[in-house]
Structures are given as C-alpha cells and as structure tokens.
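Overview (structure and organization)
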Amino acid sequence: MSEEGYRAVLELLREFSPLVQALPPRAALVQARGAQRYFGVDAERIAEVIRLRAVARLGTDVRIGVAGTWAVAAMASARIPGPGGILAVPGERVAEFLGPLPVEELYGLGSRQAEALRGYGLHTVGALTEVPPGVVERILGRRAGRVVVERARGIDPRPVTPRDLPSSAAVRSRFAREELDGPHARAELLGLVVRLGATLRGRRQAARALTLTLRFAGGTRWEKTRRLPEPSAHDEDLRTLAYRLMDAAGLQRARLTGMVLRAEDLTGAERAARQLTLDPVREARLTVEAAIDRANARFGPGTVRPAATFRRAPAAA
C-alpha cells in the first residue's frame, strides 16, 4: 500500500472513531466503543462496513482483526489469508484462539525469545499458560516474561492512543445522483465541515488552510486552496472559509457528483492561539461545540450535528 493509500485508510477509520492509532507503514488500531453504542451493532459489523467502504471508495482491501485487546486483534489480523478479510475473536473465545498458535506468533515475541521457549518445550501459546509464570520469567527475564505470560492469556492493558497522524485530513462526499440544487450542495459541505472539525479536535490539531475539491459529471473537477487567518479547528472558522471557497467556484447549474474538503498544513492544537473575544455569540458557540464533542465521543460520531445536514424525506404523493 502506498503512503497516500495508507493515509486514506486512516481517514476512513476516523469516520468511525477519533481514537485511531497509526502503526506505520500499514497497520492501525481503532477504539470502536463509541461507534458500537451509536450504531447499535457489534464491532464485527462495524469492521464489515469499514472493509466495504475501503474497497468501494479507495479500491483497497483490508485485513481487520476484531478483539478486546491490542495484541489479540493484531494476531487475529495476521491470521487472515489473502489481501483482505475479517476475523473476530470475542472474549469468551480468546483462549481457544490463542492456545494452538505457534509460540512465535505471539504478538511482540522476538525470534530469539521464541527459540528460547521452544528449547524448554514450550511450542504453543497455550503451553505458556499451563506452566507457572515464574518459569517463563526465568527463561526470558522477569519483565519480558511477565508481558509474554499476560499476552498468552489475552491480557494487554495498552490503550489506543492517537499518534503518528498525517499532515493533512480529508473528508469526502459522493452524491447518489448528480446534484443541481445549490442549497443541498451547501448543506452537504456543512456536513463535511462538521466532520472535519470533529476529526481535527479529536486529534488535537488545527488547520492553517483548507482545500475544496468539487467533482462534476463527465469527470472534470475544480480545486482551490485558501489559508485561514490563524490556525483553527472550530466549525465556525472552517465553515466560513469553506463557504468562501464554494462561492469562488461560481457554481450556477453545475452537475456536482462529489466533493472533498481537506485541512492542510496542520499544527498541534496547543500551538493555535486562543484569543480573548468580547463577542458573546462566538463564545457561546465554542461552548456548545465542546459539549457536542463530548456527546459524540460518548454516543458515537454524528449523534449531534446541525439540522441543515439532515436531508428531508420527500413529500408523500
């Protein structure tokens, strides 16, 4: 997978959770509890949707291991044959899954460590759980032995921590049919702004510039970049500039098929200036924005969003 393709997959994962930990060059971890609550489905179903979107949007198949811990998910992913697939290991099946695996397939175990364990007759992951932990600690050392025994039992307390983020962030939308209605297109752009802002704030980043790409029927496209007055991840600032970009496109009855909004030249949120303002309206919006972020983090992305981003159902005949 190319670097560009890898970044596109990371952006796809962030549509489901702000907690995405990149593990370059091709792996990533996702904490999907919020998405599970929001969609009311289990993690395996979410993995199916992610894989489908990766193939449909990006032309890239992915291997997804689904489990309650980092190590077990990684080992499940490694057991998937071919370019793509899903293997879920629920909590009650962890011992059944890990037990028969060759000891060298235990996540994080080095080849020399595996060789040392085999020298003592410990050939499978399950065998590591059948001997006293002190035996493994004497073979590998106290600290390494303790970690190996825990992982052999499916224990891995490490959290998913966002890191190694790409220097840009993008959100995309494709229209089900060619879009001629200007208000509908602008509402779609507002939805992209909200998703992009939430992504940046979840990653504790701010954008210095925005790029809007509009795709038209026939395969043509229009693209323009403008810089923000100062780095920001707030919806109000991103929306103002995004609307100016769309106005600059001079659309009249153009047949839109999709759009991409990209945050460029990202910086850490701690480097973005937070100036005092006497505008009570803006301060109120920022307060509401923070509350919405907390609600979406708890109940799932998009739980709370502007009413204009909802499409009205067609009137009955």
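Structure shown above.
Quick summary incoming for the structure in this document.

Cut-off values and rules
- Residues numbered from 1 in each chain as written.
- Predicted model: local features only at pLDDT ≥ 70, side-chain atom pairs only at ≥ 80, totals over all residues.
- Heavy atoms only, no water.
- Helix = DSSP H or I, 4+ residues; strand = E, 2+ residues; numbered from the N terminus.
- Buried < 20%, exposed > 50% of the residue type's maximum accessible area, 1.4 Å probe, protein only.
- Contact = heavy atoms within 4.5 Å.
- Areas by Shrake-Rupley, 256 points an atom, 1.4 Å probe, with all protein chains shown as cover.
- Lys, Arg positive; Asp, Glu negative; His and termini not counted.
- Charge placed at Lys NZ, Arg CZ, Asp CG, Glu CD.
- Patch = residues over 30% accessible without salt bridge, like charges linked within 9 Å, V, L, I, M, F, W, Y side chains within 5 Å.
- Salt bridge = Lys/Arg side-chain N within 4 Å of Asp/Glu carboxyl O.
- Axes fitted to C-alpha atoms, helices over the stretch in contact; angles between N-to-C directions.
- Parallel < 35°, antiparallel > 145°, perpendicular 65-115°, else oblique.
- Left-handed = near helix turned anticlockwise from the far one by under 90°.
- Core = buried A, V, L, I, M, F, W, Y, C linked by side-chain atoms within 4.5 Å.

1. Points about the overall build of the protein chain
In terms of helices and strands, the protein chain carries twelve helices and nine strands. For the C-alpha atoms alone, the extent of the protein chain along its principal axes is close to 75 × 50 × 40 Å. Expressed as a percentage of the 317 residues in the protein chain, the buried residues total 39%. By sequence separation, contacts in the protein chain at least 24 residues apart represent 63% of the contacts at least 6 residues apart. Total accessible area on the protein chain is roughly 17900 Å²; 51% of this is exposed by carbon and sulfur atoms. Side-chain charges in the protein chain split into 50 positive and 35 negative, and the spacing between the mean points of these groups amounts to 1 Å.

2. Focus on a nonpolar patch on the surface
On the surface, Y38, F39 and V41 cluster together into a nonpolar patch covering about 240 Å² of accessible area. Relative to the helices and strands, Y38 is located in helix α2 (residues 33-39). Exposure remark for Y38: the relative accessible area of 31% places this residue in the partly exposed category.

3. Overview of the side chain of T213
Along the chain, T213 turns up in strand β6 (residues 205-216). The buried category is assigned to T213, whose relative accessible area is 5%. With residues near it in sequence (within four places) discarded, T213 still touches R221, W222, E223, G258, M259 and V260.

4. Some remarks on the pattern of salt bridges
Pairs can form between side chains of opposite charge once their charged atoms are near each other. In this structure the tally under the stated criterion is 18 salt bridges. The residue R93 makes a salt bridge to E96 at a minimum N-O spacing of 4.0 Å. Using a relative accessible area of 34% as the deciding quantity, one classes R93 as partly exposed. A salt bridge links D265 to R208; its shortest N-O distance comes to 3.0 Å. Linking D265 in the loop between β8 (256-264) and β9 (267-268) with R208 in strand β6, this pair joins segments that are 57 residues apart in sequence. On the basis of relative accessible area, D265 is assigned to the partly exposed category, the value being 35%. Classification of R208 by relative accessible area gives partly exposed; the value is 26%. A single salt-bridge network, built from bridges that share partners, covers E15, R53, R57 and R195.

5. A look at the packing of helix α8 (residues 133-140) against helix α9 (residues 142-152)
Look at α8 against α9: their axes get within 7 Å of each other, and the N-to-C directions meet at 130°. One way to sum up the angle between α8 and α9 is to call them oblique. In this structure, the crossing between α8 and α9 has a hand that is right-handed. Contacts between α8 and α9 involve P133, V136, E137 and L140 from the first element and R142, A144, G145, R146, V148 and V149 from the second.

6. A word on the nonpolar core
Core analysis: the largest hydrophobic core is formed by 27 residues, its most contacted members being L196, L200, L210, L214, M259 and L261. At the level of secondary structure, the elements contributing two or more residues to this core comprise β5 (169-179), α10 (182-202), β6, α11 (235-248) and β8. The biggest single contributor to this core is α10, with six residues. Leaving out residues up to four positions away in the same chain, L210 has contacts with L196, K224, T225, R226, L238, L241, A242, L245, L261, R262 and A263. One finds V72, V89, F97 and V136 within the second-largest nonpolar core, a separate group that totals 24 residues.

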